[in-house]
Amino acid sequence: MPHRSTPRAGRTARALAAAAAVAVAAATAACGSRAGDEATAAESCLDTSGDTVKVGALNSLSGTMAISETTVRDAIYLAVDQINADGGVLDKQIEIVAEDGASEPTVFAEKSEKLIREDCVAAVFGGWTSASRKAMLPVFEDNDSLLYYPVQYEGLEASENIFYSGATTNQQIVPALDYLAEAGVESMYLVGSDYVFPRTANAVINAYAEAHGIEILGEDYVPLGSTEFSTIVQQVDSAGADAVFNTLNGDSNVAFFREYTNVGLTAEDMPVMSVSIAEEEIGGIGIENIEGQLAAWNYYQTIESDTNAAFVEAFKGEYGDDRVTSDPMEASYNSVHLWAATVEKAGSFEVDDVQEAAGGVSFDGPEGTVVIDGDNNHLSKTARIGIIESDGLLHTIWESDGPIEPDPFLEGYDWAADLSVGE
Amino acid sequence: MRNFAQSRLGTLSGFAAGAAVLFGLAPLVLSGFRLGLFAQFICYAIVAVGIGLAWGRGGMLTLGQGVFFGMGAYLMAMHLKMADAEFRSGPGAVPDFMELAGIRELPAYWVPFASPAFTIAAVLLLPTGLAAALGLAVFKRRVKGAYFAILSQALAGAFAILLIGQQTLGGFNGLSYFRYFFGFTLNDPVNQRMLYFITAAVLLAVVALALQLRRSRYGELLVAVRDAEARVRFLGYDAANVKVVAYAVAALFASVAGALFVPVVGIISPASIGIIPSIMFLLGVAIGGRATLLGPVVGALAVAWAQTTLSEQFPSAWTYAQGLLFVLVIALLPGGIASIPKLAGRVRAKNQARTLEATA
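Residues numbered from 1 in each chain as written. Chains lettered and ligands numbered in written order. Predicted model: local features only at pLDDT ≥ 70, side-chain atom pairs only at ≥ 80, totals over all residues.

### A closer look at the overall build of chain B
When helices and strands are tallied, chain B shows 13 helices and four strands. By the compact-globule yardstick of 21 Å for 360 residues, chain B fits well, its C-alpha radius of gyration being 22 Å. Referenced to the eigenvectors of the C-alpha coordinate spread, the extents of chain B come out at roughly 85 × 50 × 40 Å. A burial count over chain B gives 49% of its 360 residues as buried. (Helix = DSSP H or I, 4+ residues; strand = E, 2+ residues; numbered from the N terminus. Rg over C-alpha atoms; globule rule 2.2 N^0.38 Å. Buried ≥ 20, exposed ≤ 12 C-beta atoms within 10 Å, placed from the backbone.)

### A few points about the overall build of chain A
Assigned secondary structure in chain A consists of 13 helices and 15 strands. Here chain A holds 423 residues, and the buried ones make up 52% of them.

### Things to note about the packing of helix α2 (residues 32–57) of chain B against helix α10 (residues 275–288) of chain B
Residue and element names in this part refer to chain B. Packing of α2 against α10 leaves a shortest axis separation of 9 Å and a crossing angle of 70°. Classified by the interaxial angle, the pair formed by α2 and α10 is roughly perpendicular. Touching Tyr 44, Val 47, Ala 48, Ile 51, Gly 52, Trp 55 and Gly 56 of α2 are Phe 281, Leu 282, Gly 284 and Val 285, all from α10. By residue class, the composition of the contact of α2 with α10 is eight nonpolar, three polar and no charged. (Axes fitted to C-alpha atoms, helices over the stretch in contact; angles between N-to-C directions. Parallel < 35°, antiparallel > 145°, perpendicular 65-115°, else oblique. Contact = placed C-beta atoms within 7 Å. Nonpolar A, V, L, I, M, F, W, Y, C, P; charged D, E, K, R; others polar.)

### Considerations on the domain arrangement of chain A
All names here are of chain A. For chain A, the assigned domains are domain 1 (52–167 + 309–380) and domain 2 (173–297 + 385–416). Relative placement of domain 1 and domain 2: their C-alpha centres are 27 Å apart. Counting residues at the interface gives 20 residues for domain 1, matched by 16 residues for domain 2. Residue assignment for the side of domain 1 that touches domain 2 shows that the elements contributing at least two residues are α2 (66–85) and β13 (379–380). (Domains from an automatic or database assignment.)

### Notes on the pairing of strand β14 (residues 384–388) of chain A
Residues and elements named next belong to chain A. Summarising burial for β14: four of the five residues are buried, a large majority. Summarising the sheet, strand β10 (residues 294–297) and β14 pair through four bridges and their orientation is antiparallel. Across the sheet, the residue bridging to Ala 295 is Gly 386, located in β14. Of the strand pairs in this sheet, β14 and strand β15 (residues 394–399) are connected by five bridges, and their pairing is antiparallel. Counterpart to Gly 386 in the pairing with β15 is Thr 396. Counted between consecutive antiparallel strands, the loop separating β14 from β15 contains five residues, among which Gly 392 sits at a positive phi close to 80°. (Pairing = 2+ DSSP bridges.)

### So, the nonpolar core
Formed by 231 residues in total, the largest nonpolar core has its most connected members in Ile46(B) and Phe253(B). Domain assignment of the residues forming this core places at least three in each of domain 1 (52–167 + 309–380) and domain 2 (173–297 + 385–416) of chain A. If near-sequence neighbours (up to four positions away) are discounted, Phe253(B) is found in contact with Ile46(B), Val47(B), Val49(B), Gly50(B) and Val206(B). (Core = buried A, V, L, I, M, F, W, Y, C linked by C-beta atoms within 7 Å.)

### A few points about the sheet that holds β15(A)
All names here are of chain A. Across the sheet, seven strands lie side by side as β7-β6-β8-β9-β10-β14-β15; this open sheet has mixed pairing. With one partner strand each, in any of the chains shown, β7 (215–222) and β15 form the two edges of the open sheet. Sheet twist, expressed as the average angle between the axes of neighbouring strands with direction ignored, equals 25°. In terms of strand pairing, strand β6 (residues 187–193) meets strand β8 (residues 243–247) through five bridges, oriented parallel. In the strand pairing of β8, Tyr 189 is matched with Val 244.

### Considerations on the environment of Ser390(A)
Residues and elements named next belong to chain A. Mapped onto the elements, Ser 390 comes out in the loop between β14 and β15. Ser 390 sits in the exposed class, given 9 other C-beta atoms within 10 Å. As for Ser 390 and Phe 229, which are separated by 161 residues in sequence, their C-alpha atoms are 25 Å apart. Once residues lying within four places of it in the same chain are set aside, the contact partners of Ser 390 are Ile 287 and Glu 291.

### Considerations on helix α11 (residues 306–319) of chain A
It helps to recall that an α-helix has 3.6 residues per turn; residues three or four apart then point in one direction. Residue and element names in this part refer to chain A. For α11, spanning 14 residues, the distance from its first C-alpha to its last is 20 Å, which sits close to the expected 20 Å at 1.5 Å a residue. Among the residues of α11, Asn 308, Phe 311 and Phe 315 are the ones counted as buried. The arc that holds every buried residue of α11, seen down its axis, measures 60°, which confines them to one face. Across from the buried face of α11, at angles greater than 90 degrees, the exposed residues are Asp 306, Ala 309, Ala 310, Glu 313 and Gly 317. For α11, the elements touching its buried residues are α2 and α12 (327–346). Trailing α11 by a residue or two, Gly 320 shows a phi angle of about 115°, which is positive. (Expected span 1.5 Å × (residues − 1). Arc of directions from axis to C-beta.)

### Things to note about the pairing of strand β12 (residues 368–372) of chain A
If a strand is regular, its side chains alternate between the two faces of the sheet. Residue and element names in this part refer to chain A. Two strands pair when backbone bridges link them, and strand β11 (residues 362–365) and β12 are joined in this way by four bridges, in the antiparallel orientation. Within the sheet, the bridge partner assigned to Asp 364 lies in β12 and is Thr 369. Hairpin remark: β11 followed by β12, antiparallel, with two residues in the connecting loop. Of the strand pairs in this sheet, β12 and β13 are connected by two bridges, and their pairing is antiparallel. Bridged to Val 371 within β13 is Ser 380. Where β12 hands over to β13, the hairpin turn is made up of six residues, of which Asn 377 adopts a positive phi near 60°.

### Structural notes on helix α1 (residues 8–29) of chain B
Over its 22 residues, α1(B) extends 30 Å from the first C-alpha to the last, a length consistent with the 32 Å expected when each residue adds 1.5 Å. Along α1(B), the sharpest kink reaches roughly 35°, centred on Val21(B). (Bend = angle between axes of the 7 residues up to and from the residue.)

### Let's talk about the packing of helix α3 (residues 66–89) of chain B against helix α5 (residues 116–139) of chain B
Residue and element names in this part refer to chain B. At their nearest, the axes of α3 and α5 sit 9 Å apart, and the two run at 165° to each other. With respect to α5, the axis of α3 lies roughly antiparallel. Our pair here, α3 against α5, has a crossing hand that is right-handed. Across from Phe 68, Met 71, Gly 72, Leu 75, Met 76 and His 79 in α3, the residues of α5 making contact are Pro 116, Thr 119, Ala 122, Val 123, Leu 126, Pro 127 and Ala 131. Here the contact of α3 with α5 is built from residues that sort into 10 nonpolar, three polar and no charged. (Left-handed = near helix turned anticlockwise from the far one by under 90°.)

### Observations regarding the sheet that holds strand β3 (residues 124–126) of chain A
Strand pairing in a sheet takes place through backbone hydrogen bonds and is either antiparallel or parallel in direction. Residues and elements named next belong to chain A. Strand order in the open sheet formed by five strands is β2-β1-β3-β4-β5, and the pairing between neighbours is parallel. Edge positions in the sheet fall to β2 (93–100) and β5 (162–164), since each of these pairs with one other strand and no more. If you compare each strand with its neighbour and ignore which way they point, the axes differ by 25° on average. Its contacts with the sheet place α12 against β3, β4 (147–149) and β5, and it is angled at close to 165° to β3.

### Notes on unusual backbone geometry
Backbone phi values are negative for most residues with the exception of glycine, while trans is the configuration of most peptide bonds. Not every positive phi belongs to a glycine, and Ser103(A) is a case in point at roughly 60°. Looking at where Ser103(A) falls in the secondary structure, it is placed in the loop between β2 and α3 (105–117).

### With respect to the environment of Gly359(A)
All names here are of chain A. The residue Gly 359 is located in the loop between α13 (351–358) and β11 in this model. Considering only alpha carbons, one finds Gly 359 and Leu 137, 222 residues apart in sequence, at a separation of 20 Å. Ignoring any residue separated from it by four or fewer positions in sequence, one finds Gly 359 in contact with Ile 372, Asp 373 and Gly 374.

### Quick notes on the confidence of the model for chain A
Detailed conclusions should not be drawn from predicted coordinates in areas where pLDDT is low. Looking at chain A as a whole, the pLDDT averages 90, with 90% of positions reaching at least 70. Note that pLDDT drops below 50 for residues 1–7 of chain A; the model gives that stretch seven contacts with residues more than four away or on any other chain. (pLDDT = per-residue confidence, 0-100.)

Structure follows, in structure tokens:
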């Protein structure tokens, strides 16, 4: 193969580099707004002239989170089908545009932007991990659009563009601590996955423990997905705490509870309070390893009410008798109904109108009546402690006196003064 | 005419055509959102050019470019977070995510990133230097082939785990929510378009640099090391140094791509730089044709584009389609997309020969 001489190639490259530099300089010369200029929100391309209105369903259908997030998607579809069967929203049928978040924050950001700017959806339902929510938040704020996020989370956030239909800390973790304190727990061991929810949750738990005279005997984190627990369980065992507070997520729970049972620890000697184990996960862990342990949520499949019976029946009718319903599924089901109710109240699909009308909108969901707090876009929710019984389901053993008002920054708790930052 | 592609005129017209597509056609036909997405794909293409050099020409199977991509991205993200904090609450302010994590005091290693000049220098020098040091340690010991591949992949895995544990770098969530890019608001469509132009210009510059390296004496030495390292050594060259340069340049390209990725996409987290993203970088290069100049670019763009399009069309089944596509390309086109013209040429020649035979 003939080769060109070096000097000539060098000249070509230099010419090209110079051209590129000129292009960059020319490009930067004509620029848009700078820091400090008035922000201009993008115009929405939402078109409501037809018989249908589009909404987005953005869940991880591939990757590590798919196993959890596909259940949420199923619940969203169920709610949309029900609303459509009842005549739709403002007499329009809802049409779902589905996208796969692929368990990756960057994909969540990309797909949410696509749903807003290309599909012109009225609202988006979905997201699970805090990382995915943090990735989507700027997209929804910049494009002034709406996200309905269905999972309990670590709090310390309140965006005008996000409606949080899962619990914040004072509706899940704080009641769980109250329950343990009432039960006479004086020392605890904290075990969690290494990401923002467990770390923030444990910061809350530490502050609570200090104020209530509970001793924290240890605090351990493992990488997400880790299944090596022999050392940690040994430490938990020898620490001899009254209870373990478990903020592990996903597969790690399987390994943790197996090891816990292996060393002979039981729910009687040292109960484990979990905040990320719902009906879906119990089957994977194996009932023999987890029977009698505790969990804190707002909804269980076993809640006895007519609305829940109808929800469970409708869900099983649609997706099969072997399926279970869980808290995040119920919260996403509620969120679709809450969006529809808000739109009906506002008489409009416009984001500004929906935000304006949202405060006070309520829905009689399977967990009971939930109401949107107009100040922080969270819901008032009833907290429930559940115990895992031999049927593989969670059964309520304690519940709060009625719904708890959402307090994402824990402003109403003196012991949490150092945790929340001014917002 | 056969060597038109290698002639100076050919090179210049090639770049002119590339520039026309990137600066003229793309902004004309793509919506603002799609243009932003294209800018993201171009970032992957910039990484791919580096991999094409190190792997295609140098034979180093770099399974861990996520490390350098991630370094560039985090360095830039740190500057953007500092600039945001400074704009919000004055110099020395703590970025918002740290406040949420309960970190009240700015860690010392963050302080210099308030300076744009320091940040740009760090993006250009840190990953390149690390790659050079690593390359010297590895190649001088004549570690190569699968051992080098495993080592580089382990590095990517370790780097992602290390970052997850760093609360002062956002941990698992990574860094996101950037408002300004060197003083320009990022959510302004005009500035987003400008960012695209900068990314496209960088791609052209990177391709020009790779072309220059390929055509120089160094480029021939690199291929020689790839094909017969022992012989090059017997001729008196230090093969390790030759490899180190290609590896460091690939790291530089990846770092610059990462630094551009952050303002374009608006988030960087350990999920974008670990083992799987590193393999995805490589996959684009393999599909495009690793030994050619433009194969990696075309491959990276094609893989990213296919991924987005397939997942939009078939949200719950696109991974199967993607897998099938990879299998088909690897099985039917071992040389990648770039080998299609050559294959077509061979088929044509065969047909011609057959017609000649028939008429004879």
